[in-house]
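Below, each chain spelled out in residue letters.
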Amino acid sequence: MGATKEYYLKLQEEHYNELENEEKMYLNRLGLKVKYLPTNIDKEDGKYKTFKSAIYKAHEEEQKYLYNLRNK
């Protein structure tokens, strides 16, 4: 059985920009992925709202499924 959990580091852009290049390379080697945060204008966009709703519902269903799978 592979890994069953992932761990995330939340790092604001201004803090990331203050890191030395070696630290940025280390994070990159660990598999750092950039998540773009929506602006207030983005949050009002109808298509964005549709995506966000679908993502939320899919995540909840996934978590219910995994919970039931592991707690039979």
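These numbers come from a predicted model, not from an experiment.

This next bit is on the overall build of the chain. Along its length, the chain carries four helices and zero strands. Listing each helix as α and each strand as β along the chain from the N terminus yields α-α-α-α. At 17 Å, the chain has a C-alpha radius of gyration far larger than the 11 Å of a compact globule built from 72 residues. Its C-alpha atoms give the chain principal-axis dimensions of roughly 45 × 40 × 15 Å. Within the chain, the fraction of its 72 residues that count as buried is 3%. With an accessible surface of roughly 7,700 Å², the chain has 54% of that area assigned to carbon and sulfur atoms. Taken as two groups, the 14 positive and 13 negative side-chain charges of the chain have centres that lie 9 Å from each other.

This brings us to the confidence of the model for the chain. Of the residues in the chain, 99% reach a pLDDT of 70 or more, and the chain-wide mean stands at 90. Within the chain, helix H4 (residues 46-70) carries the highest mean pLDDT (96), whereas helix H1 (residues 13-18) carries the lowest (90).

On to the pattern of salt bridges, then. For side chains of opposite charge, pairing can occur when their charged atoms come near one another. In total, this model carries one salt bridge according to the counting rule given. The partner of Glu44 in a salt bridge is Lys49, with the nearest N and O atoms 4.0 Å apart.

With respect to the element layout, Lys5 can be found in the segment before H1. The spatial distance from the C-alpha of Lys5 to the C-alpha of Lys33 is 17 Å, given a sequence separation of 28 residues.

For H4, which comprises 25 residues, the first-to-last C-alpha distance of 36 Å matches the rise-based estimate of 36 Å (1.5 Å per residue) to within 8%. N-capping of H4 is provided by Asp45, with a side-chain oxygen placed 3.2 Å from the backbone N of Lys47.

Position of Glu61 relative to the elements: it lies in helix H4. In this structure, the C-alpha to C-alpha distance between Glu61 and Thr4, residues 57 residues apart in sequence, is 16 Å.

Rules used in this analysis
- Residues numbered from 1 in each chain as written.
- Predicted model: local features only at pLDDT ≥ 70, side-chain atom pairs only at ≥ 80, totals over all residues.
- Heavy atoms only, no water.
- Helix = DSSP H or I, 4+ residues; strand = E, 2+ residues; numbered from the N terminus.
- Rg over C-alpha atoms; globule rule 2.2 N^0.38 Å.
- Buried < 20%, exposed > 50% of the residue type's maximum accessible area, 1.4 Å probe, protein only.
- Areas by Shrake-Rupley, 256 points an atom, 1.4 Å probe, with all protein chains shown as cover.
- Lys, Arg positive; Asp, Glu negative; His and termini not counted.
- Charge placed at Lys NZ, Arg CZ, Asp CG, Glu CD.
- pLDDT = per-residue confidence, 0-100.
- Salt bridge = Lys/Arg side-chain N within 4 Å of Asp/Glu carboxyl O.
- Expected span 1.5 Å × (residues − 1).
- Polar contact = N/O pair within 3.5 Å; in protein donor to acceptor, adjacent residues only side chain to side chain.

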